[in-house]
Structure formats: structure tokens, C-alpha cells
Amino acid sequence: MKRIRKKGSQEKHLQRLVFFSCLPAFLIFISSSLSAGPVVIGSKKFTESYVLGEIAKRSLSDANIVAEHRQGMGGTIILWEALRTGQIDAYPEYTGTIAQEILKTERQLSMQEFESALEKLGIGMTEPLGFNNTYALVMQRNQAERLGVHTISDLQKHPELKYGLTHEFLDRHDGWRPLASRYQLNPQSVVGIDHALGYAALKNGSFDVKDAYSTDAKIAEYDLVALEDDQQFFPRYQAVFLFRFALPTPVISALRQLEGTIDEARMIKLNAEAERTKDYARAASLYFNNGARSTIFFSGESFAHKLARWTLRHLELAGFSLLLSVIVGIPLGILASRGGAVGHVILGFAGVMQTIPSLALLALLVPLPFFGISVRTAITALFLYGLLPIVRNTATGLQDIPRSLRESAIALGLERGAQLRKIFLPIASRSILAGIKTSAVINIGTATLAALIGAGGLGEPILSGLNLNDHVTILQGAIPAAVLALLVQWLFDLLDRVLIPKGLRL
Amino acid sequence: MSALVQLVEVSKRYRDAPALHPTTLAIERGKTTVLIGPSGCGKSTLLRLIIRLIEPDTGTIDFDGAPVTPDKIDMLRRRIGYVIQEGGLFPHLTARANVLLMARHLGKPDEEMRRRLSELCALTRFPENLLARYPVELSGGQRQRVSLMRALMLSPELLLLDEPLGALDPLVRASLQKDLKEIFSRLRQTVLLVTHDLAEAAYLADEIVLMNEGRIVQRGSIADLRGDPASDFVTEFINAQRSLALV
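Conventions and cut-offs
Residues numbered from 1 in each chain as written. Chains lettered and ligands numbered in written order. Predicted model: local features only at pLDDT ≥ 70, side-chain atom pairs only at ≥ 80, totals over all residues. Heavy atoms only, no water. Helix = DSSP H or I, 4+ residues; strand = E, 2+ residues; numbered from the N terminus. Buried < 20%, exposed > 50% of the residue type's maximum accessible area, 1.4 Å probe, protein only. Contact = heavy atoms within 4.5 Å. Patch = residues over 30% accessible without salt bridge, like charges linked within 9 Å, V, L, I, M, F, W, Y side chains within 5 Å. Areas by Shrake-Rupley, 256 points an atom, 1.4 Å probe, with all protein chains shown as cover. Salt bridge = Lys/Arg side-chain N within 4 Å of Asp/Glu carboxyl O. Lys, Arg positive; Asp, Glu negative; His and termini not counted. Charge placed at Lys NZ, Arg CZ, Asp CG, Glu CD. Pairing = 2+ DSSP bridges. Axes fitted to C-alpha atoms, helices over the stretch in contact; angles between N-to-C directions. Buried area = accessible area lost by both parts, 1.4 Å probe. Polar contact = N/O pair within 3.5 Å; in protein donor to acceptor, adjacent residues only side chain to side chain.

### So, the overall build of chain A
A count of helices and strands for chain A gives 22 helices and 10 strands. Buried residues in chain A amount to 56% of all 506 residues. Restricting to contacts in chain A with at least 6 residues of sequence separation, those with at least 24 account for 77%.

### Remarks on a positive patch on the surface
Together, Arg430, Arg497, Lys502 and Arg505 of chain A give the surface a local cluster of positive charge. With respect to the element layout, Arg497 of chain A can be found in helix 22 (residues 471–499).

### Comments concerning the sheet that holds strand 10 (residues 215–220) of chain B
Residue and element names in this part refer to chain B. Read from one edge to the other, the open sheet built from 6 strands follows the order 6-7-8-3-9-10, with strand pairing classed as mixed. Each edge of the open sheet carries a strand with a single partner, namely strand 6 (80–84) and strand 10. Looking at each pair of strands side by side, their axes are set apart by 15 degrees on average, direction ignored. Along the sheet face, helix 5 (residues 140–152) touches strand 6 and strand 7 (158–162) and points at about 165 degrees away from the line of strand 6.

### Some details on the interface of chain B and chain A
Counting residues at the interface gives 20 residues for chain B and 23 residues for chain A. Summed over both partners, the interface of chain B with chain A comes to about 2,000 Å²; 65% of that surface belongs to carbon and sulfur atoms. Of all residues in chain B, Phe90, His92 and His105 of chain B give up the largest surface area on contact with chain A, accounting jointly for 28% of the area buried on that side. Applying the counting rule to chain B against chain A returns 2 salt bridges. Salt-bridge contacts for Arg78 of chain B lead to Glu415 of chain A; the nearest nitrogen and oxygen are separated by 2.9 Å. Our count for the contact surface shared by chain B and chain A stands at 6 residue pairs in polar contact (both at pLDDT 80 or more). Counting residues per element, the ones that place at least two in the side of chain B that touches chain A are helix 2 (73–78), strand 6 and helix 3 (95–105) of chain B.

Written out as C-alpha cells, the structure is:
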């Protein structure tokens, strides 16, 4: 009886502390998670994948199938896991990647071999869409001509050239290391860099050689030259759609209608259009070649509307995760304040959570059942991140209460729950609230990464801006996120005055 | 009539240092007993044992003729008032809320609480218009008066005071000593007070208990201690304090 009463009273206090800060975000979360499930198309984090994703969505829409496109969800492994576990229904992929990264084979496979290998995993594959987007090494044209570099073999003579390669290329089985050993390249400088940023860096001379996709629009735009793969190192990268076999037949046939319809020239054009207009849906509509309908279907969302959508989702992510951090963090902090082995374990756990890079934490959660590519995963990661400041500040706030006050509370004959509720938590409230404030600001910042796993928020424009190397788009997400962080800070300064007892503020 | 508190062979160690050797002591009802001795002599430990902030290693402590079982410890504490050097007032509560904390927690009627509060203000000479202030807004002497009111609020059978005047300047201290003596005798309160100041002890005590190194050295009136010292330490302790007073 005593225990139950103690618990109940703690929760009451938590509710009071949390109510003002998190209720709106909580309500938004509840209301938005009630919508039904359309066919979900995923795409990887680069322009061509976005465009193909939009084309698929449009193709399904034209067949009267409700479809949703989760843009730029990350790399191959994340999308493959999401497809296999049914969190997405289809996504564009390349045969070379399927062989190397998914089926883990070095052989060149025939289309039949691909299909039968994937079939065993419950996944179907369309025929090639029509273009081969292989890897290439690119350089600035004038520099390549000056140095007389035309083929990858020619690079052997120039170990002084600096390489800026994407992280995926550096790690792939058909990527940098086997390439370097085949061509016996031994350059002095190799750095890892984001794909779109790499183009800008190549352009301004930060390095000389970069990996690229042969259909990248930037190759023509920046007047780059793709070096000839004279030893035929790179496998063929035919674009296809992977889809779940469990999909209804009309969905699969809508995807199959895209087979053999996009050649390389057309893909480069679509990519260039997407990068020029920053509008993937519009680029996709070029494919369908009927402008009249496309304006009805794809008349771009207004900026204000987009901003509101991003911001609401952002608040939902940060707010709900903060609510969880508070609900879990304060009781953990109370336990930790009592010291001993339990306290060490709790503080250690919360500390370790914060040392894991946020991106890695997201990537670790995605393959787990229940999580996957979802808002749930983003909220869980943010919740784990927000835990430490609250746990630590609650624990130290309680531990810092002078012994004389602690003993006075005990000597009065208050039960333990009442001591906590009436004396200790109010005295520690300033420290606890400071911890919650830290968590809130961290969450607002870290929530931008949620876009990486398709959870949306203000990270969406940042990510696509990064992808397009477009500063204006990046700022469309970065500025509101910064403003939001400031607003949250200010809100908590106000809360200080409401929640912290007057006697502690004199 | 039996003693209110009866300690029998009670001892306490902190890590490897004995804080209190096996000690037997009776606290008589209606009297002011003063524990005195140099720092670390075990006088505060004895007080903290009685209100069960710490548990004895050996021995028994009976209260009102009966042992205190673990489930009755909170009940015991509500029958004891406890005042410490810095008052131990809760900074987030006003003077009034500090005094009424336990009464409110126990659901006492408002009217009764109001009456008791003005009674206590009169008794401790605390101005009622300062009740709305927070502890930081009060002087050291005022804080100790509030702390005393809080301790007396539930009309405790025993009042424990641990160096209650130790942090106050001499003038405030003298006036509070006078008030304390008057309050104790008016309430016929059983009091156990810890101090290191012999003059204070002599002024307030019905009986003085002199302690050193975790043991009771002598108990009696100031005249007993002076006239018939139990050991050289007693003489030394009395002389040290007298010479300080002469400087």
C-alpha cells in the first residue's frame, strides 16, 4: 500500500512538470498516427533514386493505387532491411549493388539468376528500366587533359592527385579498395565525403578525383570527364525496382510498366531537371510527358505549407521523445541519486547512450524488429539521447541537497514518498528542469537526423539540400530548426518561473 | 514515573572509529537535559540515535517505556521535535508552510492549525507578519524561532535541539537562550539539548551530561561538575571554558 501511494504521487509530480511542455506535441502524434497504410516506395539518398521513387509513385497513382514516397532513407542496407521486413513495399536498386551488397557474390549474374536468388527471400525484381548507371571516377576536364589522364590506369602515374570518395564507395566490395588493388593505385590522400558536397569540393579544387554515378547530372553541369574503366572493373549497374512478392498484382504490374522505358540520356535529363528545379515530382512528371495532368497532380506544395508540415513533424519527434525521456529519466535519476551499484549502472547506461553517434544509433535501431524505418525509431533514438541530461540532473539535484535538509525531512516523520514529493523534488526542481531544457534543445537539433530514416521533420530540406548541394534548401530547414531551439530555450525560461518554487529563486 | 527515553548499552561505530561506546542513559520527563563535550565526543550521535536518523549497532532505546519497531519509526519521529544548528528550514517553503508542513500532511483541521500557529508565534516571539516570508528572507535568529515552532507544532513529547544557537551572534544568542528557558518551563517540556558552551548548559540545564570520546564522563548539576569533578578531563573542560570567558 505504501509503495503504491509513493509511486502514484511521483507520477503526479511528473505530470505537472511535463504537462505544459509536451502536451501539444503528444496530441499531434496521436492524431497523425491514425492514418491508413498506402503502398510505400522508398528511395536512397541521391537525386536519381528520388526521381525514380517519384516516377514509381506517379505510375501507381495513375493506376489508382494510393502510394507514398519516403525520400532519401539512407543507403542500401537500410532500404533492403526495410523492404524485407515490409516497412516499404518497393524501391529502385541497381543490379551491381544487388549482386555485391545483397547477394554477396563476385560473379556477374544473369537476370534469371538474380530473380531466382531474390525469390527465395520473398522479393521480386523488375526487368531493367533501360539505363546502366555504373560507378565512374571523374575529374575536371581541363585538369585531366593537362595531365593526359584518360583512363583509370593513367592515374597510376599521378599518385600526387587527391581523392574525395563517398563513404559507401570506400566501403563497398566493388568499391575503392579492390579498385585500387586492381589498378595498383596508391594515392597519397584519400578522404571520405558526402556525394553532393564532393562535387562542390571537386569543382573548387579541394581534391582532384571523385567517384560518381555515370548518369549524374553534375558530370555535364560541371564539365567533368568520366575516366574510362579500361580493365572493366565496375560491374554493370542496371536500374530495376525491387518489390515485395506479397504486393497485389496491380501494384506489381504498374511497376513493371516502367521496364525498358528509361535510357541513359533520358535519365541524365531527368536528373538534371530535378537538380535544376529542386522538385523531384516535377522531374518525374517529365517522364510521363503530359504537362497538363502533372500540374494538377504535382503543383508544388506552397513553402508555408511545407514549412508547417516539417515543423509540426519536428515538434512531434522532439516533443514526444522528450516526454518519454522525462517520464523515464526522472524516476531513473531518483534511483541513481541513491548511489551504489544501481546508480552507477543507470548513469553509465545513460552516458553510453549519449556517446554513440546519433547516426550510428539510428542505423543500429533500424534492423531491429518493431523499429525499422519509422517515426518510432526516430523517437526511440531521440528518447535515448535525451535521457542522460535528465537522469544526471535529477540525480545530482537530489544529491546536492544538504544533509541538514535531508535529515530534517526524515526527522519530521514524513514517509519516503512524501519526503520526495514535498521536499526533495521541489528543492531539486531547478536542476531537474535545467536537465529537461538541455534534453529539449539537444532533441530539437538531433531530430534533424530523423529525415535520414524517412521520419521527416526539418531535416528533410537539410538532407535534400545537402544532396543537391543547394544552400537555400539547407537553410530552409536549418534556420527554422535553430529558431525552434531558441524558442524552446525561451519557453523553458518561462517555465522556470512557473514551476520552480519562489523561495528557491530569491 | 519511568524515563521518557531509556538507552541501555547503546553503541555506534562509523567505519572503524567508535562514535559511541556502550552507553546507558535515561532522559527524565519534564526536565531539560544538556549534553555537553568537545567536538566528536558523541553527543550529536546520541541525539541522532534517539530520533533514529542512525541505527545503533548494539543496545536498546526504549521510548515511553516500549521499544520502537521499524514500522513505528515514523510515528516515533512525529512525537519528537528536532531543531538543528542552521534550522534545517526548507528553502522552497514559506515560514508558515515550514511550520504547518506535518500538520497539513496529517490533515489537521485548518482552524486548529491557525490557532496553534498564533499560539506558537506568541510563545517564540515571532512576528506573525513574517510568516509569509521564505527562509532566505529571515535573519538567523528568526529562522531558529521558525525552526522551533516547526518542532513544537505537533506538541511533541520530546524536544531534541542540536546546537540550536551555535550559528548566532552573541546578542541574538543571549535573547534566544532566555526565551528558550521560559518556553521549556512554561510547557514543562522534556528537552534534550546539545551544546559545547558550558555557560549555555549551566543556564538552561536541569541536568548536565558531560561526554568525551564516546563516553559519558559525568552527569549532574554545574555545581556537581565544578565541586566534585569525576576526572581530570572534567576540570580541564570547565577551566578551558572559564578562561575563554575571562579573555
